Every structure is written in structure tokens, then in C-alpha cells.
Amino acid sequence: MDGYRALHDGWTLTSAGMARLPATVPGAVHTDLLAAGAIPDPYLGTNEDLVGWIGRADWAYELGFDWTDGGTDRVDLVCAGLDTVARIAVNGVEIARTANMHRSYRFGVHSLLRPGRNSLLIRFSSPYRYAEELRTRLGDRPSAYPEPYNFIRKMACNFGWDWGPRLVTAGIWQPIGLHGWRTARLDRVRPLVTVDGADGHVELHIGLERAAEAPVTITATVAGQRTSVRVPAERRVETLRLTVPGVERWWPRGHGHQRRYDLDVTLTDAAGAVLDRWQRRIGFRSVRLDTAPDAAGTPFTVVVNGHPISARGFNWIPDDCFPHRVDRARYAERLRQAAESGANFLRVWGGGRYESEDFYDLADELGLLVQQDFLFACAAYPEEEPIAGEVAAEAREQVVRLASHPSLVLWTGNNENIWGHADWGWSGALNGHTWGAGYYFDMLPRIVAELDPTRPYWPGSPYSGRPDRHPNDPAHGSMHIWDVWNTHDYTHYASYRPRFVAEFGFQGPAAYATLREAVGEPLADPDSPALAHRQKAVEGQQKLLRGLAGHLPVSKRFDDWHWATQLNQARAMRFGVEHLRSLHPLCTGALVWQLNDCWPVISWSAVDGAGRRKPLWYALRRAFAERLLTVQPSADGLDLVAVNDTGAEWRTQVAVARIGFAGDPLAKALLDLVVPQRDAVRVPLPPEVTTPDDPTAEVLTIAEGGNRSCHFFAEDVALALPEPRFEVRTAAAPDGLDVTVTAGTLLRDLALFPDRLDPASTVDDMLITLLPGESSTFRVRTETLLDESALAAPPVLRCVNDLGTRP
């Protein structure tokens, strides 16, 4: 903004009994202490346990700065984000107290500034002390973790989660600066973007803050259309409307182009001089949520531009415990990883943050649809002051802030709180206290309806649509599936016939290089205390082993444990996703928990805390394919389900074969398929290919258009997999090398892990099954000369066969 001066350089940080340290702004206390060598890296070893005191201390950020009066009417201190309980003083005069990480603030300071040297002091009180005092005053309420995160408007996962460390932060986490302005400024711009036939419409609701009683002019332009309005001196609000004929619509990825238009709003004075400007890129599209009851229950279908969307994607958590470290490049890498997996949908989970402009701009660009939770997660929340006022203020700010983004298609009231109230024993523990219902069923829907009626709102995730139904009823609305992982085998996914699954997941460890760097010692024992610190889920290590039972061999050797549990995670989630997609159009959503991690950990993610893709990511790239062939059980045997999530009819021939492990064909069939656009077709497979003579030594292959998938008739622990034999050849490639594996025997789920040799390396594919005589080439991207013999053997080159044959 014109007249803005960032105040980012020269800050210092101190606390009681501590020498003054240089501070980075935007930043956090933890990262400042780390940079000064005052604490060890909390992501390494068990250092997390050594820095818990930080969240219980008070901190002070101080800045001396020079200022010259530029002749403006007003000078404001603009704070984009303060974490969290802060007192702000300019030249020794306290100007404000704040207690919400999720809000921005603006304070008039012109009268306090003086030519020359000035001081700015921001004191942060302990988040723990604030939350615990409020808990005592308002009465305790149940939560998923024994931490007071529901009594402070701050990232809940700061206080630890079942995938994240307990690192309770404080600091100036977003930009801060001085804004000098005259006459008037654009206090808020709220665009409501709609389409009607071929025309696009923009309705701009604009609020002004004035420093002088003088007429001003607001001018808005978009796609060559322009409108202006003269605002008299006494007015503080105005509405402008523009129509764009023949508009090109914005579409989700896989449905069309992501056309965006520059929207410019300019404020000028009576002489035509520019006072303020607001610019965004907008997309014209319609969105609604189809929940009209049908014969099967209540659907939960996002409809964009009149087209029902089959949502496949991920839940998103903060990508770092210290969110100021997540820059645009990191957001771009992570969202590209989502898009390249075949995902078209992300849900921003309610225990983190309202995501940044960079996140949403990239989602707009990539065509990734976004569901944004309001920030309530896994706890009962008080509806009394001061929390209620903070919630209302943050919700109003964030709904307006994000209104310009076409990727945002759904607001959700909370994560699992309605479910928790119904199922987790909260009623007795509440003792009559409020728990958040007033937010989810009253305040938040009213705010969305008032400020952004172009988008739907849903009270919670999960929620079944009516208070007299169980909130996690599979037949109604959205649901979460967590009995799989917690208590049931992953094949239990097949028992569900849900309408939309907003969360389901299965754990697997991070990449070897990620864990090795984090643990700081050789990885030899999956039961080591160092590795146990990377497991935050209750009985997580036991659940990993229990999940292997009946599927893959269990080993105490770290390398085999690591490979088997990563593979089992990939198998479990591919099984679940393909089952859900085979139910189309009954089920219109499969959102995997989770895309990313905030630190190096054993978790449900597809991309680990260092940005490395786990085997799960590669499995999901197949399960998320726009055109999917999947073998599913039926009452009479096995069916082939063809899912076509494209805008064109799919006419194809599928070769189905039952093959012995030695490569000998035992039965064949050709199927001619015609699958309409955005539809699925289920075809019974002939008994001769689905009835094995020896289920332990035969495989069913499905081949179409150069792609092939394999269906085995028994679990790996029962298969007569041969001892693996193969040849490996390497050849230089422009960005690394090609590794070609030629099978001498059947090789199931062949995978290459070059990060064990070069932590910076990547591989383009994995989990490929080869029949004897077949070859596959892996592209390894690396700048390091890799040991070719190591590339050709475990633990770098793996397949399922070697789990049962290694000593």
C-alpha cells in the first residue's frame, strides 16, 4: 500500500533473566532463540522436551526506529498478526492489548510519534498463563488433549497433536509497519463474485475510514469494465456493481481452465490524486452444496458452475510449527505435490490457521478447491467473553479477506466438535457449560450469510445435516472414518457406503532421510526411544504393527519395518480411495488425512515434514487418476469398476488375464467398455479369470492404454512369492540417472529409495509390479554420483518379495 513502511529490521528480543537477542520479524521466539544458539533445534532428537518452558515465559520485542513526519493526516501502526497475548506501546505509551493470533490490527499512532528516534515495544504474555486463567474463570471443558488450547484464539496444534510437537509459540508472526495516509483510505473491500448465464457480476461492498470530511471517488475496473461513484464527505460505505459480458468461467482442475481477471479498486480525492488502491485476481464461478435428500440419504456434493464435483484430495495442516517459515515457494511446492497426485480438493483443518494469501492464490491458479474450517478442533469451546467477541471479529475479518478467491468453495464450522459432543462423553463433563454450539449453528452461519452469501456453510466436519441424526452418519452429509487405523483392519473400509468422507487415514513413517536427520543417530531399532519420540499418536507404534498383521511380514529389523509400514500405509489408503470412488455417484468425496506434516514425524501424511513424497503419494496418484480401473468384490465374485472423471466419454478395451507367478497365462478376457463422462460403470469379470487354481501363486492383471494394475488373490503373508531375481542397469540422464530394473521373477511393488544415498534426490515412480522378463525404468533426479551397486540392492531397491526372504 502507498505510504506503508515495513518495520522488520532492528528488533530485539528479551525475557526475564535473559540477555537481549536480535529478533527476526516476521518470526517467533523459538526461531529467534534457535538463531542465537540459545536453544537446540526443537525438530531434532528429543529437543522438543527441552524447550517447553518457552510457552510459559513472557517475552518482549523492542524496536528503535527513526520517523519523519511526511505530512499525512494519519499514521497507523499496522499489525498483520500477533501471536498472541500482546501489549503494545509506542514511546512508552500503551496503545492496545490483543489476544488473537487470527486477527490483524490497526492503531492510530500519529500523535505519539516524534521526529527522530522512536520506540516500539510489544510484550507477549505466556499463552499458557492466559489460557489457564481463562479456563479457571469460565470453567473447564473437555478436549482431546490435556492442554488449554480451547481457551485462547491461537493455533490449537501449537499445544501438540497426534502428529505434532508441543511448541507453544509467541511473536510477531506476520508483517508489521507504519501506514501514513491522508483524507481517506479503503478500510475493507468485499467482492461478491457471481455468474448468470454468460455474464459475470461483481458487487463490491466498500468501507471507508476517513481522516478528513471531503468527497472522494471510488473507481473499480475488471475485464475492461469500469464504474465510478462519488462518495460524499459524510458517507463511510458504498456499493459498486460491474457486469462482464461473455465472461470466461473459472473451473476446478480437470473441469476446465482457471481463468482469472484483475480486479482493481482505486480511491481518489477531488483533484484525482490516488489515495488508496486494492487489487486482487478473481475468478467467475458459481458454487453450491447439494444436500437435497435422496433415496440413499443426504448427499454432500460440491457443485461448481452447475457441475457436480467428485472431490478427491487431502486434508491440509500447517506446513511448519512456525508458520512464518512457510514462504510462497514452499506453498507452491506443496500444492503442486497435491495437484500432481491427481487431487482436486483440499480441506484446511480447523486446528491450524486461516491460510495465507499465497496459499489461496496458488490454489486459484492450480484449480484446487478449498474447504476452510473455522478454527475450532477436537474440544468444547466457551461461548462467553472474551472468547465470543474474538471469534466474531476473527470470523468477520477472515470471511472478507478470503472472499476474492474462487478456489474457496465451502466454510465449515469446526473439526469434530459436534461429533465429540455426541460421542466422546462431553455432556457429563460439561456440567452445563457452553461448548460451541452457538458458534456453529448461529454466529458463524449468520456471518457467512451476511458477508459472503455466494458460498455455502456447513456446521461441522463431520456433520449429518440435522441435530436429531448422529453427526457421523455415513448416509448423511460428511463423515470421518477413524475406526480403521484405531481399531479395525483397513479392509473394513469396504463396509462403508458414505456420501462424502472428509477424513480417513492410515499411518506410515517419514522417508528414511527425514527420520535419520531428525533422530540424529543410526536407525536400527523401530522400538528405540529416539524413534518413539517421532510417534505422537496414542499406541501409534502398536497400531502400525497391528495394521501389518495378516498383510505383510512383521520384522524387528528397522529397514524391513520401515519399508513394510510405509507400504502398508500406501496399500491401506489406495484400498480405501478406490472403494470410495467405485461407489460413484453415491460417494462424492474422498479426502485423505493428510497431505503434509509440520515436522519430521511418523504420521498419516503423503508428503513428510521435509517435503519428501512417501510411497503413499505414489499409490494415491494411481487411485486419484481421472480414469480409474479398480477391481472390487461383489456378491458373485469380482467386478471391474471403471470410473471416468473427465468431460469426455471413455471408450476402451481392457485386457484381463489370470497369470501364474512364473508369467504363464492361465486365462484371458477382453472387455469393451463405454463409460459416460463423469460417471462410473461396474462390469462383472468372467469366472475363468477371477477363480484361481492356486490363489497363492496367481495374479489378476488389468491392462488398458499402456497402464496395468494387479490384483492378488491372497495377502502377501500367504503368497508364494519367489525369492526376487532381477538385473539393474543405470544410464546417465540430464538431471540425474535412469535406473532400469528387469525382472527375472515376479517382483511385487518394486520401489527405489535414492534418499538413502543422497537426501536431496527424488524418484519419479514406485510401487510397480513386474512379471518375469518385464522392465521398468525409474528416473532419479540427483546432483550426486550415486553408488550403482547400492542402487541395486536393499534397502535402496525394495520389493515385497524381499520381506520374506531376507535373514
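Each remark here, short or long, concerns the structure printed above.
Quantities reported herein were computed from a predicted structural model and do not represent experimental measurements.

Asker: Can you walk me through the overall build of the protein in this structure?
Answerer: Looking only at helices and strands, one finds 16 helices and 42 strands in the protein. Scaling as 2.2 N^0.38, a compact globule of 807 residues should have a C-alpha radius of gyration of about 28 Å, and the protein matches this with 28 Å. Oriented by its inertia axes, the alpha-carbon framework of the protein measures out at about 90 × 65 × 60 Å. Counting only residues that meet the buried cut, the protein has 59% of its 807 residues in that class. Within the protein, contacts between residues separated by at least 24 positions form 68% of all contacts whose residues are at least 6 apart in sequence. As displayed, the protein has an accessible area near 29400 Å², and 50% of this comes from carbon and sulfur atoms. Separation of charge centres in the protein, based on 83 positive and 101 negative side chains, amounts to 4 Å.

Asker: It is not clear to me how the side chain of T565 should be interpreted in this structure. Could you clarify?
Answerer: With respect to the secondary-structure elements, T565 resides in helix α13 (residues 558–582). Reaching out from T565, the side chain makes a polar contact with the backbone oxygen of W561 at a distance of 2.7 Å. Apart from the residues lying within four places of it in its own chain, the contact partners of T565 are Q507, G508, P509, L544 and L548.

Asker: What should I look at first to understand the pairing of strand β22 (residues 345–348) in this one?
Answerer: Every other side chain in a regular strand lies on the same face of the sheet, so the side chains alternate between the two faces. Where burial is concerned, the two faces of β22 agree: the one with F345 and R347 and the one with L346 and V348 are both buried. Remark: the strand β21 (residues 311–316)/helix α3 (residues 328–340)/β22 crossover connection has right-handed handedness. In this sheet, strand β23 (residues 369–373) lies alongside β22 in parallel orientation, the contact comprising four bridges. The residue of β23 that forms the bridge with V348 is Q372. Taken together, β22, helix α4 (residues 357–366) and β23 form a β-α-β motif whose crossover is right-handed.

Asker: Quick question: what am I supposed to make of helix α5 (residues 387–401) here?
Answerer: Residues three or four positions apart in an α-helix share a direction because the helix packs 3.6 residues into each turn. Here α5 spans 21 Å end to end across 15 residues, near enough to the 21 Å set by a 1.5 Å rise per residue. Within α5 the residues assigned to the buried category are I387, A388, E390, V391, E394, A395, Q398, V399 and V400. Tucked into the core, α5 has its buried residues touching β7 (93–99), β8 (105–108), α2 (127–138), β11 (184–196), β24 (408–412) and α8 (437–451).

Rules and cut-offs
Residues numbered from 1 in each chain as written. Predicted model: local features only at pLDDT ≥ 70, side-chain atom pairs only at ≥ 80, totals over all residues. Heavy atoms only, no water. Helix = DSSP H or I, 4+ residues; strand = E, 2+ residues; numbered from the N terminus. Rg over C-alpha atoms; globule rule 2.2 N^0.38 Å. Buried < 20%, exposed > 50% of the residue type's maximum accessible area, 1.4 Å probe, protein only. Contact = heavy atoms within 4.5 Å. Areas by Shrake-Rupley, 256 points an atom, 1.4 Å probe, with all protein chains shown as cover. Lys, Arg positive; Asp, Glu negative; His and termini not counted. Charge placed at Lys NZ, Arg CZ, Asp CG, Glu CD. Polar contact = N/O pair within 3.5 Å; in protein donor to acceptor, adjacent residues only side chain to side chain. Right-handed = clockwise from strand over helix to strand, strands pointing away. Pairing = 2+ DSSP bridges. Expected span 1.5 Å × (residues − 1).

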